[in-house]
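In case you want the letters, here they are:
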Amino acid sequence: MKALLLNILLINLFFVSTIKAKEPFTFPNWKTLETLNPLPYRSDNHNAWVDIYVNQKASKAYKQQSSKFPVGSVVIKSLFDDYNQTRFKKIAIMVKMPQNYDTNNSDWWYGLYDELGTKSERTGKMFDCIDCHEVVRETDFMFSEDVMDDIKHRRYMHPNDL
């Protein structure tokens with residue numbers, strides 16, 4: 001139990017700032033996290049070009065193509081309309097919460113935020129996100145195996161390939 005509380009505290013102190021009740025989390029420093037992909041990555045599910053930012057816990061799980069991400073994992077995708085990333089859309093966020101947050105869906109919290117990471121569009125148990133991620137239940141609702149395989153083999157789509 002102490003470990004779970006410590007994880008929650010670390011998320012709040014290091015990656016997330018708590019503000020008014022309407023915004024359960026904020027992510028003002030998301031651009032300082034590790035970027036997994038060296039080039040923009042096409043996400044058809046998000047209908048966007050993305051960069052994938054992760055904290056250390058998520059980075060280790062992604063790179064090991066783990067079937068279970070640890071509590072406190074933070075994954076942020078910056079979404080752009082274009083390959084050159086001149087037209088920002090939003091950031092899509094997943095945070096692995098302590099056990100029993102949402103046991104049917106592997107305890108992931110979801111959020112859509114503005115570019116600053118401070119104003120949410122929607123947060124929580126977002127069923128459209130859950131429905132999409134359901135197909136990768138065996139890898140903890142993460143597309144990590146496919147993503148890391150594409151990154152490792154440098155399989156990136158260029159707009160001219162579409």
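Structure first, text after, so check above.
This report concerns the structure included in the present document. Quick caveat, the model's predicted, so the values are computed rather than measured.

**A look at the pairing of strand β6 (residues 108-113)**
Step number 1: Burial analysis of β6 places 6 of its 6 residues in the buried class, which makes it a mostly covered element.
Step number 2: Burial of the side chains of β6 extends over both faces: W108, Y110 and L112 are buried on one face and W109, G111 and Y113 on the other.
Step number 3: Taken together, the 6 bridges between strand β5 (residues 88-96) and β6 define a ladder with antiparallel strand orientation. Following the sheet pairing, K96 is matched in β6 by W108.
Step number 4: In this structure, β6 lies alongside strand β7 (residues 120-124), joined through 4 bridges in antiparallel fashion.

**Some thoughts on the pattern of salt bridges**
Step number 1: Considering all chains together, one arrives at 9 salt bridges under this definition.
Step number 2: Measuring nitrogen to oxygen at the nearest pair gives 2.6 Å for the salt bridge that ties K63 to E34. Within this pair, whereas K63 is found in helix α2 (residues 56-63), its partner E34 is found in strand β1 (residues 34-35), the two being separated by 29 residues in sequence.
Step number 3: On the basis of relative accessible area, K63 is assigned to the partly exposed category, the value being 48%.
Step number 4: What makes E34 partly exposed here is its relative accessible area of 32%.
Step number 5: A salt bridge links E134 to R137, with the nearest nitrogen and oxygen atoms 2.8 Å apart.
Step number 6: With a relative accessible area of 39%, R137 lands in the partly exposed category.

**What about the nonpolar core?**
Step number 1: Judged by nonpolar contacts, the single largest core of 22 residues is most densely connected at Y62, V75 and Y110.
Step number 2: Of all the secondary structure elements, the ones that give two or more residues to this core are β3 (48-54), α2, β4 (74-80), β5, β6 and α3 (127-133).
Step number 3: Among the elements that line this core, the one with the most residues is β3, at 4 residues.
Step number 4: The next biggest cluster of nonpolar side chains, apart from the first, holds 13 residues, and it includes L33, I91, V95 and W109.

**Overview of α2**
An α-helical turn contains 3.6 residues, so any two residues separated by three or four positions project in the same direction.
Step number 1: For α2, the full list of buried residues reads A58, S59, A61 and Y62.
Step number 2: A positive phi of about 50 degrees marks Q65, the residue just after α2.

**A look at the environment of D140**
Step number 1: Following the sequence through the fold, D140 ends up in the loop between α3 and α4 (144-152).
Step number 2: For D140, a relative accessible area of 1% puts it in the buried group.
Step number 3: Sequence separation between D140 and N105 is 35 residues, and the spatial gap between their C-alpha atoms is 8.4 Å.
Step number 4: Look past the residues within four positions of D140 in its chain and what remains in contact with it is S67, K68, F69, K96, S106 and W108.

Procedures and definitions
- Residues numbered from 1 in each chain as written.
- Predicted model: local features only at pLDDT ≥ 70, side-chain atom pairs only at ≥ 80, totals over all residues.
- Heavy atoms only, no water.
- Buried < 20%, exposed > 50% of the residue type's maximum accessible area, 1.4 Å probe, protein only.
- Helix = DSSP H or I, 4+ residues; strand = E, 2+ residues; numbered from the N terminus.
- Pairing = 2+ DSSP bridges.
- Salt bridge = Lys/Arg side-chain N within 4 Å of Asp/Glu carboxyl O.
- Core = buried A, V, L, I, M, F, W, Y, C linked by side-chain atoms within 4.5 Å.
- Contact = heavy atoms within 4.5 Å.

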